[in-house]
Protein chains: 2
Amino acid sequence: MYRLIEQDGCAKSGEFETVHGTIQTPVFMNVGTVAAIKGAVSTCDLNSIGTQVQLSNTYHLHLRPGDEVIKKLGGLHKFMVWDKPILTDSGGFQVFSLAKLRKIREEGVYFNSHINGRKIFMGPEESMQIQSNLGSTIAMAFDECPPHPTDRAYIQNSVDRTTRWLLRCKNELTRLNDLEDTINKRQMLFAINQGGTYADIRIEHAKTISDLDMDGYAIGGLAVGESHEEMYHILEETVPHLPHNKPVYLMGVGTPANILEAVDRGVDFFDCVYPSRNGRHGHAYTRHGKMNLLNAKYELDDRPIEEGCECPACQKYSRAYIRHLLKAKEMLGMRFLVLHNLYFYNHMMDEIREAIRNKRYKEYKNQMLDNFRHKED
Amino acid sequence: MYRLIEQDGCAKSGEFETVHGTIQTPVFMNVGTVAAIKGAVSTCDLNSIGTQVQLSNTYHLHLRPGDEVIKKLGGLHKFMVWDKPILTDSGGFQVFSLAKLRKIREEGVYFNSHINGRKIFMGPEESMQIQSNLGSTIAMAFDECPPHPTDRAYIQNSVDRTTRWLLRCKNELTRLNDLEDTINKRQMLFAINQGGTYADIRIEHAKTISDLDMDGYAIGGLAVGESHEEMYHILEETVPHLPHNKPVYLMGVGTPANILEAVDRGVDFFDCVYPSRNGRHGHAYTRHGKMNLLNAKYELDDRPIEEGCECPACQKYSRAYIRHLLKAKEMLGMRFLVLHNLYFYNHMMDEIREAIRNKRYKEYKNQMLDNFRHKED
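Residues numbered from 1 in each chain as written. Chains lettered and ligands numbered in written order. Predicted model: local features only at pLDDT ≥ 70, side-chain atom pairs only at ≥ 80, totals over all residues.

**Student:** It is not clear to me how the overall build of chain A should be interpreted in this structure. Could you clarify?
**Tutor:** Scanning chain A for helices and strands turns up 14 helices and 16 strands. Relative to the compact-globule value of 21 Å for 377 residues, chain A shows a C-alpha radius of gyration of 20 Å, a close match. Dimensions of chain A along its principal axes, counting C-alpha atoms only, are 60 × 45 × 40 Å. The contacts of chain A with a sequence gap of at least 6 include a subset with a gap of at least 24, amounting to 70%. (Helix = DSSP H or I, 4+ residues; strand = E, 2+ residues; numbered from the N terminus. Rg over C-alpha atoms; globule rule 2.2 N^0.38 Å. Contact = placed C-beta atoms within 7 Å.)

Written out as structure tokens, the structure reads:
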């Protein structure tokens, strides 16, 4: 249940009620692909960095440890010890980006596991069954996510099939939610809008899926190689055709600047591996742009990564110490940067919500974008 | 300043006052080789697992980031944000085990860095200067640590040189502690007893160094390949010839059973990489012996690693979850096991002290050794 609290231009801020608690939007979901945030970050840590929603990957968890195993252990919430909302993707994106030798058919996708080569079939029903076994708060519909660029004819066919798959997902999840031993009988389902960079296909698809009264609507197939301008353009064209009283989720996006721009075009939900992946490579996000902590100039720098930051790393440890840990390839250095970066993203979302609710979003966005351009060092 | 609180057979429990607080003995020092416990464990975590003393390595920190860098940043305590005692080893053991192309001379050791091949000289004075720059609570004397087995003539010559080096260490540290800009002007110095498995050489050396009124006495050159029985025998022969009113430190030891036996022979201080190294390889220490969490039988096991354990991992997470993390090569799995293992060691030392202070150490030791032999699974 989505409740719009305030709108400032196209930027909106709301509350999304789930069986695992209320999500304040716009929200950045923290990615824990295999039921763990990379960088040795536990679900205890998530509470200290302001995480609202954790996102895990259906494809990865299906392969290992197996969704049946997680179901037997009481579901993903119990498995990873997290009582707030969890969104699971459909597995579609990973099937199309990680799996080998895949064949797409009307019934679904045949592919080989990237871990051990085992042959696997996944269609809309299988994706729903896996996500139901995981017992996530929000399940994502099984879709095809074509690469960029892909020709118009392929995209149109693909989108039509994705629509047919969505209907099958909806029917299957309705059936699963009614079963006796289902872990989360109130599991929600988000549809995914596709259409590449063809605005008219996107719009047509948005209208079609809007009629289905889903719990939320995602925009997939962006941030796959098109320019930022193309992405923003597609958002401007598509978002107005999605239901206003439902959350909009831009999948896999992005940099802090991408998020600020997408919020300004009406997006509520985000997820991205950047904060954890870049953290593991020694990069920190700050309001003065990105820092490379491996840089020699931090050797004797006893300041925190970002002055004024209240993340667990900045509260105690210096740039010099973290740089040393990274140089020595100590996991602890990566952990500190991942904690900082996730805190930075989560905290920026707090500020975004506050700015929208106070009707000063443009000002906030421009100030942040300006800061990013004027690096401290 | 060491104060003996209770003695039970040869086992003793005392308090050792330092400028960074009082250490309750027997104590297990947690090894943070390069100023960080491996396994993404921070100094904040150390407080939650009962760590009294952190141990860092002079050789590693001299090479990277450099002891001069750490001095400029205010010393090791400030660098890694830890206000309790830190012991630094002398660098001798690493020079003899890690460095390449080394030449031992009366003045010290010439060797090449294992990181970049750079030529380095380290003698007693250099070791003291580095440790003074680090500002640790307790510095260790620079010694030679010959491999096992080594012939008697070599060991005798080596021990004699180690004694001459000890005198130079003592003079140099006295000088350094008096300098204006020294970080810890009350840095302590422990001597190191050597002599391989030749009890008479060990005893003679113990008597010689006992006369020097050091702050504490270590037994080095054990746990280098000799049998446990030889090690226990050397302890029985040597410890009685070290001062009764000073702490005795058995370097680099060992398994929980080794520690229980060594305490029973009068040892106060221990350090070992086992809990962190074995944790990173999926092994957990428990009072029912060692567990391999990668074992398939834990796939659906929702119990904590050790029931009743109050470590941060056992408080919340299951064997099944930790096994999954290890299989997926997620750092978080290693972190949980390192936290558990260090907690296990630190907590066992709490129990050891309590048992000695209650004059029931034999009973406690036998019960623990018996538990280790009767594995839970």
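**Student:** I keep staring at the sheet that holds strand 9 (residues 119–122) of chain A and nothing clicks. Help me out?
**Tutor:** Residues and elements named next belong to chain A. Taken in spatial order, the three strands of this open sheet run 7-8-9, and their pairing is antiparallel. At either margin of the open sheet sits one strand with a lone partner, and together these are strand 7 (100–105) and strand 9. In this sheet, adjacent strand axes meet at a mean angle of 15° when their direction is disregarded. (Pairing = 2+ DSSP bridges. Axes fitted to C-alpha atoms, helices over the stretch in contact; angles between N-to-C directions.)

**Student:** When you look at the confidence of the model for chain A in this model, what are you seeing that I'm missing?
**Tutor:** Predicted coordinates in regions of low pLDDT should not be interpreted in detail. Mean pLDDT over chain A: 96, with 99% of residues reaching 70 or higher. Both scores are given for the predicted complex: the pTM is 0.97, the ipTM 0.97. (pLDDT = per-residue confidence, 0-100.)

**Student:** I'm lost on the domain arrangement of chain A in this one. Help?
**Tutor:** The accessible area lost on association of the parts is a frequent measure of interface size. Domain assignment breaks chain A into domain 1 (2–272) and domain 2 (279–361). Of all the secondary-structure elements, those providing two or more residues to the side of domain 1 of chain A that touches domain 2 of chain A are strand 1 (2–8), strand 2 (11–18), strand 4 (27–31), helix 1 (43–48) and helix 10 (256–263) of chain A. (Domains from an automatic or database assignment.)

**Student:** What should I look at first to understand the interface of chain A and chain B in this one?
**Tutor:** Every contact between the two is made by 32 residues of chain A and, on the other side, 32 residues of chain B. Secondary structure elements with two or more residues in the side of chain A that touches chain B: helix 3 (67–72), helix 4 (76–80), helix 12 (319–327) and helix 13 (331–357) of chain A. Per-element tally for the side of chain A that touches chain B: the top contributor is helix 12 of chain A, with five residues. Of the residues in the side of chain A that touches chain B, the class split is 20 nonpolar, three polar and nine charged. (Nonpolar A, V, L, I, M, F, W, Y, C, P; charged D, E, K, R; others polar.)

**Student:** Help me understand the pairing of strand 12 (residues 216–219) of chain A in this model?
**Tutor:** Put simply, side chains in a regular strand alternate between the two faces of the sheet. Residues and elements named next belong to chain A. Alternating positions in strand 12 separate into two faces, Gly216 and Ala218 on one and Tyr217 and Ile219 on the other, with burial throughout. Pairing geometry for strand 11 (residues 188–193) and strand 12, over four bridges, is parallel. Residue Phe190 lies in a different strand from strand 12, and its bridge partner there is Gly216. With respect to chirality, the unit in which strand 11 leads through helix 8 (residues 199–210) into the neighbouring parallel strand 12 is right-handed. Assessed by its sense of winding, the connection that carries the chain from strand 12 through helix 9 (residues 228–238) to strand 13 (residues 248–250) is right-handed. (Buried ≥ 20, exposed ≤ 12 C-beta atoms within 10 Å, placed from the backbone. Right-handed = clockwise from strand over helix to strand, strands pointing away.)

**Student:** Hey, could you run me through the relation of the copies chain A and chain B in this one?
**Tutor:** Two copies of the chain are present, and they differ by a rotation about an axis and a shift along that axis. Rotating chain A by 180° about the axis while translating it 0.0 Å along that axis superimposes it on chain B, leaving an RMSD of 0.0 Å. The superposition of one copy onto the other is thereby described by a two-fold rotation axis. Among all C-alpha atoms of chain A, that of Ala40(A) lies closest to the rotation axis, at 3.4 Å. Most of the interface of chain A is mirrored in chain B: 100% of its interface residues are interface residues there too. (Least-squares fit on C-alpha atoms with pLDDT ≥ 70 in both.)

**Student:** Quick question: what am I supposed to make of the sheet that holds strand 12 of chain A here?
**Tutor:** Within a sheet, each strand pairs with its neighbour through backbone hydrogen bonds, oriented either parallel or antiparallel. Read around the closed barrel, eight strands run 4-5-6-10-11-12-13-14 (chain A), paired in parallel fashion. When the angles between neighbouring strand axes are averaged without regard to direction, this sheet yields 30°.

**Student:** Could you clarify how one ought to interpret the packing of helix 12 of chain A against helix 13 of chain A in this entry?
**Tutor:** When two helices pack together, their arrangement is given by the angle between their axes and by how far apart the axes lie. All names here are of chain A. Running from amino to carboxyl end, helix 12 crosses helix 13 at an angle of 130°, the nearest separation of the two axes being 7 Å. When the axes of helix 12 and helix 13 are compared, the pair comes out oblique. As for how helix 12 packs across helix 13, the hand of that crossing is left-handed. In this structure, helix 12 uses Ile322, Leu325 and Leu326 to contact helix 13, whose residues at the interface are Leu332, Gly333, Phe336 and Leu337. (Parallel < 35°, antiparallel > 145°, perpendicular 65-115°, else oblique. Left-handed = near helix turned anticlockwise from the far one by under 90°.)

**Student:** Whenever I open this one, unusual backbone geometry confuses me. Can you help?
**Tutor:** Excluding glycine, residues mostly carry a negative phi; peptide bonds, for their part, are mostly trans. Residue and element names in this part refer to chain A. With an omega of 5°, the peptide bond running from Val253 to Gly254 counts as cis. Relative to the elements of secondary structure, Gly254 occurs in the loop between strand 13 and helix 10. At Ala40, a residue that is not glycine, the phi angle is positive and equals roughly 60°. Looking at the secondary structure, you find Ala40 in the loop between strand 4 and helix 1. Even without a glycine there, the phi angle at Asp213 is positive, about 50°. Note that Asp213 resides in the loop between helix 8 and strand 12. Look at Asp213 and you get exposed, because 10 C-beta atoms sit within 10 Å.

**Student:** I would appreciate a short explanation of the packing of helix 6 (residues 124–134) of chain B against helix 7 (residues 152–177) of chain B in the present structure.
**Tutor:** Residue and element names in this part refer to chain B. The contact between helix 6 and helix 7 brings their axes to 8 Å, and the two run at 40°. Crossing handedness for the pair helix 6 and helix 7: right-handed. Mapping the contact onto sequence places Pro124, Glu125, Ser127, Met128, Gln129 and Ser132 in helix 6 and Trp165, Arg168, Cys169, Glu172, Leu173 and Leu176 in helix 7. Across the contact of helix 6 with helix 7, the residue classes break down as six nonpolar, three polar and three charged.

**Student:** Just checking my understanding: could you explain helix 7 of chain B for this structure?
**Tutor:** Working note: α-helix, 3.6 residues per turn, so residues spaced by three or four point in the same direction. All names here are of chain B. The terminal C-alpha atoms of helix 7, which comprises 26 residues, lie 37 Å apart, in line with the 38 Å expected from a rise of 1.5 Å per residue. Buried within helix 7 are the following residues: Ile155, Ser158, Val159, Thr162, Trp165, Leu166, Cys169, Glu172, Leu173 and Leu176. At its buried positions, helix 7 is contacted by helix 6, strand 10 (138–140), strand 11 (188–193) and helix 8 (199–210). (Expected span 1.5 Å × (residues − 1).)

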